Amino acid sequence: MAESPDSGQEKTEEPTAKRLKESRDKGQVPRSKELSTLAVVMVSAVGLLMLGPAMVRKMMDLMVFNFRIDRESLYATDSMGLHLLSSVGVGLDIIGPLFIMIFIAALVAPVMLGGWLFSGKLLAPKFERMNPLAGIKRMFSVQALVELLKAFAKFLVVLAMALLVLSLRKNDLLALGSEPLPNALEHSAWILGMSLVFLSCSLIAIAAVDVPFQLWSNKNKLKMTKQEIRDEYKDSEGKPEVKSRIRQLQREMAERRMMNNIPQADVVITNPTHYSVALKYDPLQSGAPVVVAKGADFIAQKIREVAAEHDVVVLESPPLARAVYYSTELDQQIPAGLYLAVAQVLAYVFQLRQYRAGQGKRPGKMPDLPIPDELRKDD
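A quick note: this is a predicted structure, and the numbers were derived from the prediction, not measured.

Draft legend 1. Structural view of the overall build of the protein chain. Scanning the protein chain from terminus to terminus reveals 13 helices and four strands. Looking at the protein chain as a whole, 31% of its 379 residues qualify as buried. The contacts of the protein chain with a sequence gap of at least 6 include a subset with a gap of at least 24, amounting to 74%. As displayed, the protein chain offers around 24,700 Å² of accessible surface, 62% of which is attributable to carbon and sulfur atoms.

See below:
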């Protein structure tokens with residue numbers, strides 16, 4: 001099992017999405033040379049079978065064209081150059097379709113495993129590759145041994161298939177000597193195409209072994225240790241200490257903003273000690289009272305102290321305080337089930353303000369508030 005040079009831990013963990021993306025950006029994707037060779041040889045064989053006879057006939061016509069030059073053209077200064085250009089054009093026209101097929105196969109074959117990829121990082125110079133000690137180490141590595149065994153196995157397989165092809169085509173090869181030249185050339189093109197087909201079949205077996213090996217090898221190289229997983233999580237998500245500090249600062253900012261809203265509240269409803277909620281009702285801005293501050297224990301005490309400093313009415317109603325605390329977030333309207341209860345509280349607060357301003361009678365005891373069963377919360 002591969003080991004991390006830094007920690008000595010075994011690389012047993014599957015690569016993360018970030019590791020896979022980084023490796024792809026660096027050009028580290030599985031590639032199979034055998035698959036590319038198979039595609040090029042197979043396309044060459046099919047191309048020779050399809051285009052071979054026509055190519056042979058056109059090449060014979062080209063040879064006749066170049067050997068039948070009249071005397072005047074031989075002594076003309078410009079004619080031989082034009083003759084050469086014409087021959088080159090015809091030659092490219094003959095071999096062009098086959099070369100285009102092979103070129104496309106050479107481009108498409110690598111994409112079949114690993115997908116299309118262009119990475120500028122592969123072009124960047126790496127001075128460690130020039131280190132002779134590193135080169136010697138790679139020569140005697142397990143990867144080098146696997147490549148040597150694979151090359152030797154490929155040689156044996158191709159050699160066996162080549163001998164088989166020669167034995168199967170022995171009569172055809174011997175018959176070429178007795179055939180007319182045009183027929184012999186077309187027949188040889190067909191023999192070459194069929195021989196390449198058989199050879200490509202042997203390469204199929206090699207590619208069938210090499211492709212899974214390359215996939216396994218690439219995946220094994222990208223495996224990570226548990227420490228690498230933890231380090232990557234810290235890098236992407238942030239260190240726990242930093243995240244905790246950020247959350248603390250966010251809570252402090254939210255708390256300060258909440259305390260600044262309490263002086264504008266109409267009433268603070270308490271538990272009386274465990275919970276406190278501050279409500280503000282503005283009929284021009286919203287259709288229902290809004291929670292501008294809420295808290296439990298120490299925060300609840302702070303809310304009561306700020307409310308007392310700014311002469312905000314503080315009322316004790318444990319069921320309503322708990323219901324609002326658990327059912328409503330900051331800067332949200334209270335649920336419809338609490339409209340009637342909060343309306344009675346606001347009416348009581350209005351009467352109390354009138355009394356304090358010397359414009360009304362002292363309000364009596366605040367009535368029992370109707371709290372729906374689904375909104376009730378017991379300590």
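From this point, things continue past the structure.
Draft legend 2. Fine view of the packing of aromatic side chains. The final tally for this structure, using the stated rule, is four aromatic pairs. Each ring, one from Tyr275 and one from Tyr325, has its centre 4.8 Å from the other, and the planes form 50 degrees; the classification is tilted. Of this pair, Tyr275 sits in strand β2 (residues 275–280) while Tyr325 sits in helix α12 (residues 318–327); the two residues are 50 residues apart in sequence, bridging distant segments of the chain. Across the pair, Tyr325 and Tyr275 agree in class, each one buried. Here the basic side chain of Lys294 rests over the ring of Tyr325, its NZ or CZ set 4.5 Å away from the ring centre.

Draft legend 3. Broad picture of the side chain of His83. Following the sequence through the fold, His83 ends up in helix α4 (residues 79–111). The exposure class assigned to His83 is buried, which follows from its relative accessible area of 15%. Polar contacts involving the side chain of His83 include one to the main-chain carbonyl oxygen of Phe65, which spans 3.5 Å. Not counting residues up to four positions away in its chain, the partners in contact with His83 are Phe65, Asn66 and Ile69.

Draft legend 4. Layout of the UniProt feature "transmembrane region" (unreviewed entry) in the protein chain. Within this structure's numbering, the places UniProt gives as "transmembrane region" (unreviewed entry) are residues 35–52, 98–124, 145–168 and 188–213. Its end C-alpha atoms 24 Å apart, residues 35–52 is made of 100% helix and 0% strand. The span residues 145–168 shows a helical share of 100% and a strand share of 0%, and its end C-alpha atoms are spaced 35 Å apart.

Draft legend 5. The arrangement of a nonpolar patch on the surface in detail. On the surface, Phe152, Phe155, Leu156, Leu159, Leu163, Leu166 and Leu173 cluster together into a nonpolar patch covering about 680 Å² of accessible area. When residues of the nonpolar patch are assigned to their parent elements, the largest contribution, six residues, is made by helix α6 (residues 142–168). By secondary structure assignment, the location of Leu163 is in helix α6.

Draft legend 6. Inspection of helix α13 (residues 339–356) at higher detail. Helix length check: α13, at 18 residues, gives a terminal C-alpha distance of 26 Å against a target of 26 Å (1.5 Å per residue), a fit within 8%. Of all the residues in α13, the buried ones are Ala341, Val342, Val345, Leu346, Tyr348, Val349 and Leu352. Looking straight down α13, one finds its buried side chains confined to an arc of 160 degrees; they lie on one side. Seen from the open side of α13, the exposed residues pointing more than 90 degrees away from its buried face are Leu340 and Phe350. Tucked inside the fold, the buried residues of α13 contact β1 (267–270), β2, β4 (313–316) and α12. Count one or two residues on from α13 and you reach Gly358, which has phi positive near 75 degrees.

Draft legend 7. Just the pairing of β1, in detail. Taking every second residue as pointing to the same face, both faces of β1 are buried, with Val267 and Ile269 on one and Val268 and Thr270 on the other. The loop that links β1 with its antiparallel partner β2 comprises four residues.

Draft legend 8. View of the packing of helix α2 (residues 33–67) against α4. For the pair α2 and α4, interaxial distance at closest approach is 8 Å and the crossing angle is 170 degrees. Judged by the inter-axis angle, α2 sits roughly antiparallel to α4. Its residues placed into classes, the contact of α2 with α4 shows 21 nonpolar, eight polar and two charged.

Draft legend 9. Representation of the environment of Asn183 in the model. Turning to its location among the elements, Asn183 is positioned in helix α8 (residues 181–222). Considered as a pair, Asn183 and Arg57 are 126 residues apart in the sequence and their alpha carbons are 9.5 Å apart.

Draft legend 10. α4, seen in detail. With 33 residues, α4 ought to run about 48 Å at 1.5 Å a step, and its terminal C-alpha atoms sit 47 Å apart, in line with that. Residues His83, Ser87, Gly91, Ile94, Gly96, Leu98, Ala105 and Ala109 constitute the buried set of α4.

Draft legend 11. Region of the structure containing the confidence of the model for the protein chain. Chain-level statistics for the protein chain give a pLDDT mean of 79 and a share of 87% at 70 or above. Across the protein chain, the secondary-structure element scoring lowest on mean pLDDT is helix α5 (residues 132–139), at 68, and the one scoring highest is β2, at 90.

Draft legend 12. Quick peek at the sheet that holds β4. Reading across from one edge, β3-β2-β1-β4 is the order of the four strands in this open sheet, with mixed pairing throughout. Bordering the open sheet on either side are β3 (290–296) and β4, each of which pairs with just one other strand. Each adjacent strand pair in this sheet contributes to an overall mean axis angle of 20 degrees, direction not counted. Here β1 runs beside β2; their pairing, made up of four bridges, is antiparallel. Pairing of Thr270 across the sheet is with Ser276, part of β2. The strands that α12 touches are β1, β2, β3 and β4; relative to β2, the one it contacts most, it runs at about 75 degrees.

Draft legend 13. Spatial organisation of the environment of Val88. Secondary-structure assignment places Val88 in helix α4. Residues Val88 and Leu62, 26 residues apart in the sequence, show an inter-C-alpha distance of 9.7 Å.

Thresholds applied
Residues numbered from 1 in each chain as written. Predicted model: local features only at pLDDT ≥ 70, side-chain atom pairs only at ≥ 80, totals over all residues. Heavy atoms only, no water. Helix = DSSP H or I, 4+ residues; strand = E, 2+ residues; numbered from the N terminus. Buried < 20%, exposed > 50% of the residue type's maximum accessible area, 1.4 Å probe, protein only. Contact = heavy atoms within 4.5 Å. Areas by Shrake-Rupley, 256 points an atom, 1.4 Å probe, with all protein chains shown as cover. Phe/Tyr/Trp six-rings, centres within 6.5 Å; stacked < 30°, edge-to-face > 60°. Lys NZ or Arg CZ within 6 Å of the ring centre and 35° of its normal. Polar contact = N/O pair within 3.5 Å; in protein donor to acceptor, adjacent residues only side chain to side chain. UniProt positions renumbered as here; feature names shortened; annotations may be inferred. Patch = residues over 30% accessible without salt bridge, like charges linked within 9 Å, V, L, I, M, F, W, Y side chains within 5 Å. Salt bridge = Lys/Arg side-chain N within 4 Å of Asp/Glu carboxyl O. Expected span 1.5 Å × (residues − 1). Arc of directions from axis to C-beta. Pairing = 2+ DSSP bridges. Axes fitted to C-alpha atoms, helices over the stretch in contact; angles between N-to-C directions. Parallel < 35°, antiparallel > 145°, perpendicular 65-115°, else oblique. Nonpolar A, V, L, I, M, F, W, Y, C, P; charged D, E, K, R; others polar. pLDDT = per-residue confidence, 0-100.

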